[in-house]
Protein chains: 2
Amino acid sequence: MDPGYVTLEQVAEHAGVSLATASRVINGSTRQVSQRLREKVEASAHQLGYLANASAQTLARNSSSLMGLVVHDIADPYFSQIAAGVTRYAEELGLVLVLGTTNRSPQEETRIISALRAHRAKAIVIAGSRTTSEETDARLAKEIEAFARQGGRVALVSQATLPADTVSPDNRSGAAALARHLVDQGHRRFAILAGPTNLRTARERLDGFHSALSAAGLELAHHNVVHGDFTRDGGYESTQRLMTLGTDATCLFAVNDVMATGAIAALRDMGKSVPEDLSVAGFDDIPTLRDLTPTLTTVRLPLEEMGERAAALALDSEYRGEPRVISVEGTIMSRASTASPKG
Amino acid sequence: MDPGYVTLEQVAEHAGVSLATASRVINGSTRQVSQRLREKVEASAHQLGYLANASAQTLARNSSSLMGLVVHDIADPYFSQIAAGVTRYAEELGLVLVLGTTNRSPQEETRIISALRAHRAKAIVIAGSRTTSEETDARLAKEIEAFARQGGRVALVSQATLPADTVSPDNRSGAAALARHLVDQGHRRFAILAGPTNLRTARERLDGFHSALSAAGLELAHHNVVHGDFTRDGGYESTQRLMTLGTDATCLFAVNDVMATGAIAALRDMGKSVPEDLSVAGFDDIPTLRDLTPTLTTVRLPLEEMGERAAALALDSEYRGEPRVISVEGTIMSRASTASPKG
DNA sequence: CTACTCTGGGAAAGAGTTTTCCCAGCGGTG
DNA sequence: CACCGCTGGGAAAACTCTTTCCCAGAGTAG
């Protein structure tokens, strides 16, 4: 009998006004309501403990106060950092954040977006590297378009390969700058933990690093580039493979910090010390990892800020032009895990 | 003109059946629909690209497919680990996860829960230590009760101080076991980074540690217990304070891992080495921190699993009895950051 | 004093589903 | 063959809001 909630109709009745008036008071429409009635309604609403039914509002307005965030894995500090930024922005605007995790599966990605579409979410931020699969991109582009037709907006934190606003880390130039820094430090022979072959982020960082080496007249031996998972364990395992096969490199570049962490762990387990036996550099500058020993030389990305900016793009509902791309530069953080090679 | 979506009515019309029949086909009600019509409807739905309007469904059913998760700070690995567990469970059941972050503010906490109530969420998992404020608990209990009256369920990951199912780490016995382990290692004088005074988790760990020391006939000097923020920086700053005042302890227990991380960083910055000059132990066993040097002696909690179990409790919608409490034991992980004291 | 405009109130029509209720038709039973 | 129960289909009510539309009354200009 007690449904546990109060409807606007009950508030209106209690205040002795019409449903329309009550609605106008509670949400503040364009229409004025007299001071007298306004106060009556507010008093009744408060007294009865009125809480608007969000789905009824969504249905009536055909737009909700939901905002979506899609990540690969929320336990990965890279994503949880971005999530913190998006969260902050959403919360400031009184929006409710829906979190979807894809576990790196494109099907999951589209599934989540269509769920958000079904909920009439206002905007979606999709974080995480695009793959090199054109087909996946095409399917996703279709979802995004459907979402846009409904009046929603999408922003990405990744590569600008889709028809949506994008906050895009400049992986190439960051990796290139890092390469130059390491060359300046005296390194000539490098090994790279290049991550998965089909991940654009990984590839761009590899490319940037590689081309800076070429520009400096240095070669990157084929056997010094190993691919593996984009995770800590992927880094560990890739490093083991690299070292087992043998390498002449004096510096190891892992295309992200969590892989670099795995690399350092693997090297330690093999009795090598960093940076004496081998320098190690990463990419991202994950805050949780800043207390690693040795401290990691890396390229800092302002992840939380990137999340916030993506949220801002996605929620900028007036904008109706071409997709915008905000490029974010990384800054070199030179720390203890790299040093001039001996000899 | 093109609203960007197709309604069930359009599907029904396209298939030449009534709205009722179409609804019965799409969601599979108790009522049967003949094979012939069923196929027609399915074909039409697929052809038109029908996607049900989630808010209309929620309104009609008075129950949504949303599940809430409330954490203090998603960038904190403790919470992102729990979040991963909750996410996995929710996704398995096809539920959509709503993430709320409180920034440790009780007002935010109730605000988020009432938002979830407004959305007719099925269940909520609230993670994070309760404070010692009875008043806050009372207000939260009221929200939880309102949510329950509406047919929702709540589960907590923390202390069982509220009328809801709880997954509760046994902080006291974990800390006590750790204390005994460290005493066995030869330590007699301890310092403790005890975190905030009003956080139950912090207090329980302090208590457990303390009482194990008492049981072993050891005293804990008052000046060796310092309070501070429950974060990495809190640990750093607390350690500085402790060391500046001077301590005779041979072992430092930080009541969580992120504080222990700050402690180790502070000690390193002061030129002290761990564990030679001072042993350091933590609590939680955050996976992201397992590559710290020295590796951290700590009490492992199965965080992801705890998240999953809390989600399971919250979504066990048949259950209508007394609040259940699942106690989770920690296991001692003895690693390199603690060693027998010299002398 | 009429006519017109503005203001604020309420009735009612949506919004897209689910579900209840009614009914036609059919097969089985006595 | 009358009656009953069952099956499956559709009409319409219900869910809770927002917003359009209509109207009464007040104010103003001519």
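Residues numbered from 1 in each chain as written. Chains lettered and ligands numbered in written order. Predicted model: local features only at pLDDT ≥ 70, side-chain atom pairs only at ≥ 80, totals over all residues. Heavy atoms only, no water.

A. Structural context of the overall build of chain A. For chain A, the helix and strand inventory stands at 12 helices and 12 strands. The C-alpha radius of gyration of chain A comes to 26 Å, more than 25% above the 20 Å expected for a compact globule of 343 residues. For chain A, the spread of C-alpha atoms along the principal axes amounts to about 90 × 35 × 35 Å. About 14,300 Å² of surface is accessible on chain A, with carbon and sulfur atoms providing 50% of the total. A gap of 4 Å separates the mean positions of the 35 positive and 40 negative side-chain charges of chain A. (Helix = DSSP H or I, 4+ residues; strand = E, 2+ residues; numbered from the N terminus. Rg over C-alpha atoms; globule rule 2.2 N^0.38 Å. Areas by Shrake-Rupley, 256 points an atom, 1.4 Å probe, with all protein chains shown as cover. Lys, Arg positive; Asp, Glu negative; His and termini not counted. Charge placed at Lys NZ, Arg CZ, Asp CG, Glu CD.)

B. Expanded view of the relation of the copies chain A and chain B. Take chain A, turn it by 180 degrees, move it 0.0 Å along the axis, and it overlays chain B with an RMSD of 0.1 Å. In symmetry terms, the pair is related by a two-fold rotation axis. Both copies contact each other with a shared surface, as 100% of the interface residues of chain A are interface residues in chain B too. (Least-squares fit on C-alpha atoms with pLDDT ≥ 70 in both. Contact = heavy atoms within 4.5 Å.)

C. Quick look at the nonpolar core. With 153 residues, the main nonpolar core has F209(A), M67(B) and F209(B) as its most contacted residues. Not counting the four nearest positions on each side in its chain, F209(B) is found in contact with A175(B), A176(B), L178(B), A179(B), L182(B), F190(B), I192(B) and F253(B). Judged by nonpolar contacts, the second largest core, of 37 residues, contains V98(A), A121(B), L140(B) and A164(B). (Core = buried A, V, L, I, M, F, W, Y, C linked by side-chain atoms within 4.5 Å. Buried < 20%, exposed > 50% of the residue type's maximum accessible area, 1.4 Å probe, protein only.)

D. View of the sheet that holds strand 1 (residues 66–71) of chain A. Overall, mixed pairing links the 12 strands, which are arranged 11(A)-5(A)-4(A)-3(A)-1(A)-2(A)-2(B)-1(B)-3(B)-4(B)-5(B)-11(B) in an open sheet. Two strands lie at the open edges of the sheet, namely strand 11 (325–328) of chain A together with strand 11 (325–328) of chain B, each paired on one side alone. For this sheet, the mean angle separating the axes of adjacent strands, direction not counted, is 20 degrees. Inspection of the sheet shows strand 2 (residues 96–101) of chain A paired to strand 2 (residues 96–101) of chain B by three bridges, in the antiparallel sense. (Pairing = 2+ DSSP bridges. Axes fitted to C-alpha atoms, helices over the stretch in contact; angles between N-to-C directions.)

E. Looking closely at the interface of chain A and chain B. Across the boundary between the two partners, chain A contributes 53 residues, which contact 53 residues of chain B. Of the roughly 4,600 Å² buried between chain A and chain B, counting both surfaces, carbon and sulfur atoms make up 54%. Across the contact surface, chain A and chain B share four salt bridges. Elements that contribute at least two residues to the side of chain A that touches chain B include exactly helix 4 (54–61), helix 5 (77–92), strand 2, helix 6 (106–118), helix 7 (134–149), helix 10 (232–245) and helix 11 (257–269) of chain A. The biggest single contributor to the side of chain A that touches chain B is helix 5 of chain A, with seven residues. Across the side of chain A that touches chain B, the residue classes break down as 23 nonpolar, 18 polar and 12 charged. (Buried area = accessible area lost by both parts, 1.4 Å probe. Salt bridge = Lys/Arg side-chain N within 4 Å of Asp/Glu carboxyl O. Nonpolar A, V, L, I, M, F, W, Y, C, P; charged D, E, K, R; others polar.)

F. Highlighting the protein's contact with DNA strand C. Around DNA strand C sit 29 residues in total, of which T21(A), R31(A), S34(A), L8(B) and S23(B) are the nearest. Among the atoms of DNA strand C close to the protein, meaning within 4 Å, 57% are from sugar or phosphate groups. S23(B) is positioned with one of its side-chain polar atoms (N or O) 2.4 Å from a phosphate oxygen of DNA strand C. One of the backbone nitrogen or oxygen atoms of N53(B) is found 3.2 Å away from a phosphate oxygen of DNA strand C. Within the residue set of the surface near DNA strand C, elements represented by two or more residues are helix 2 (19–27) of chain A together with helix 2 (19–27) and helix 4 (54–61) of chain B. (Near = heavy atom within 4 Å. Polar contact = N/O pair within 3.5 Å; in protein donor to acceptor, adjacent residues only side chain to side chain.)

G. Molecular detail of the side chain of N171(A). Residues and elements named next belong to chain A. Examined against the element boundaries, N171 turns out to sit in helix 8 (residues 171–184). We classify N171 as buried; its relative accessible area is 1%. For N171, the side chain forms a polar contact with the side chain of R205, separated by 2.8 Å. Excluding anything up to four places from it in sequence, N171 contacts Q159, T201, E204, R205 and F283.

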